[in-house]
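# Fold and geometry: a report
Each chain is listed here by its residues.
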Amino acid sequence: MADLLVGLAGSLLIAGAAYWKKSLTISGLAAAVLLGTLMYALGSLPWFGTLIAFFITSSAWSKWKSRRKEAAESGYAKSGRRDAGQVWANGGLGLALCIGYWLFPHPLWWAAFVGVMATVTADTWATEIGGVSRSAPRSIVSLRTVEPGTSGGVTPLGLAASAAGGLFIGATAWPLLLLSPQGPLPSAAALCFIGLLGGLAGSLADSWFGAVCQVMYRCRVCGKEIEKNRHCEAAAVRIRGHALMTNDTVNALSSAFGGLIALAMWHWIV
């Protein structure tokens, strides 16, 4: 019960501040509080702390030079304040892994979790930092230049930010493990490398899924290719992808891929 109350208090404080700063909608606030509370109660400090590291830094980067990123973000399915769907897409798999660890304790649950959180962090940092790149993005599939904000577009700055995000999660997770080990303690260098590789691989998978599988629309008014079904106050036309392959679905799939990469790296290194 004590862990539940500590998790609830911490989650309310952090999510409440994010809501006040307009980083979360009311549904996002509720989802974040539930996610954080369960993460602390079932997994303790390393799981909760890694989740919070992702959340705080990603929220901060989303506010950085926000006016400069407005044009590119106008075509995104979701931007600005995160709703419940985005919260669960980024943290739902991590919670499932945490529940698995609680039921059947084994360090491999933690290894996969590091990869999942490294991926969502790397992807968010790539989007928010890469969005101010002065060089035109290139399609991860064709390597041709595309408009800023195009799903599947990557830039050197975005790739660097992605690598930094994954590395950050590995570097953050290690001191948290010192306080509450989840099994064999890997070296700081090993965990940083796992975060870097898992996050970068997952982020690139997100770009590939976005370019190939994600549902995309074209605005009837301005002709822009977008992720949402309305733009310029008019219904948009679907041009490719399945309706179920939304941005949230792509985020969840890519985080699973990053978790698998981290799992393989854990077997190899630790």
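The paragraphs below set out a description of the structure included in this document. (Residues numbered from 1 in each chain as written. Predicted model: local features only at pLDDT ≥ 70, side-chain atom pairs only at ≥ 80, totals over all residues. Heavy atoms only, no water.)

## Some thoughts on the overall build of the chain
- Broken down by element type, the chain carries nine helices and seven strands.
- Whereas a compact globule of 270 residues would reach a radius of gyration of roughly 18 Å, the chain reaches 18 Å, a difference of no more than 12%.
- Taking the principal axes of its C-alpha atoms as reference, the chain extends roughly 55 × 40 × 30 Å.
- Counting contacts in the chain only where the partners sit at least 6 residues apart, residues at least 24 apart contribute 71% of the total.
- Summed over all atoms, the accessible surface of the chain reaches about 12400 Å², with 68% contributed by carbon and sulfur.
- Here the chain holds 20 positive side-chain charges and 12 negative ones, and the gap between their average locations is 6 Å. (Helix = DSSP H or I, 4+ residues; strand = E, 2+ residues; numbered from the N terminus. Rg over C-alpha atoms; globule rule 2.2 N^0.38 Å. Contact = heavy atoms within 4.5 Å. Areas by Shrake-Rupley, 256 points an atom, 1.4 Å probe, with all protein chains shown as cover. Lys, Arg positive; Asp, Glu negative; His and termini not counted. Charge placed at Lys NZ, Arg CZ, Asp CG, Glu CD.)

## Quick notes on the packing of aromatic side chains
- If you walk through the whole model with that rule in mind, you get eight aromatic pairs.
- With centroids separated by 5.4 Å and ring planes inclined at 75°, the aromatic side chains of Trp47 and Trp110 adopt a geometry described as edge-to-face. Of this pair, Trp47 sits in helix α3 (residues 45–63) while Trp110 is found in helix α6 (residues 107–130), placing the two residues 63 residues apart along the sequence. Per residue, the accessibility class of Trp47 equals that of Trp110, and both read buried.
- With a centroid separation of 6.0 Å and an interplanar angle of 65°, the aromatic rings of Trp61 and Trp125 are classed as edge-to-face. Remark: Trp125 occurs in helix α6 and Trp61 occurs in helix α3; sequence separation between them is 64 residues.
- One aromatic cluster is present, built from ring pairs that chain together Trp47, Tyr101, Trp110 and Phe113. (Phe/Tyr/Trp six-rings, centres within 6.5 Å; stacked < 30°, edge-to-face > 60°. Buried < 20%, exposed > 50% of the residue type's maximum accessible area, 1.4 Å probe, protein only.)

## Side note on the sheet that holds strand β3 (residues 216–218)
- Spatially, β4-β3-β7 is the arrangement adopted by the three strands of the open sheet, whose pairing is antiparallel. Pairing within the sheet leaves two strands with one partner each, and these edge strands are β4 (225–226) and β7 (237–240).
- Where β3 meets β7, three bridges bridge the pair, whose relative direction is antiparallel. Residue pairing across strands places Arg218 opposite Val237, the latter belonging to β7. (Pairing = 2+ DSSP bridges.)

## Some remarks on the side chain of Arg82
- With respect to the helices and strands, the residue Arg82 is situated in the loop between α4 (70–73) and α5 (84–103).
- Within the buried set, Arg82 has no salt-bridge partner at all; the shortest N-O distance to an opposite charge, 4.9 Å, is to Glu128.
- In this structure, Arg82 is in contact with Ser23, Leu24, Thr25, Gly28, Ser58, Ser59, Ser62 and Thr124, ignoring residues within four places of it in sequence. (Salt bridge = Lys/Arg side-chain N within 4 Å of Asp/Glu carboxyl O.)

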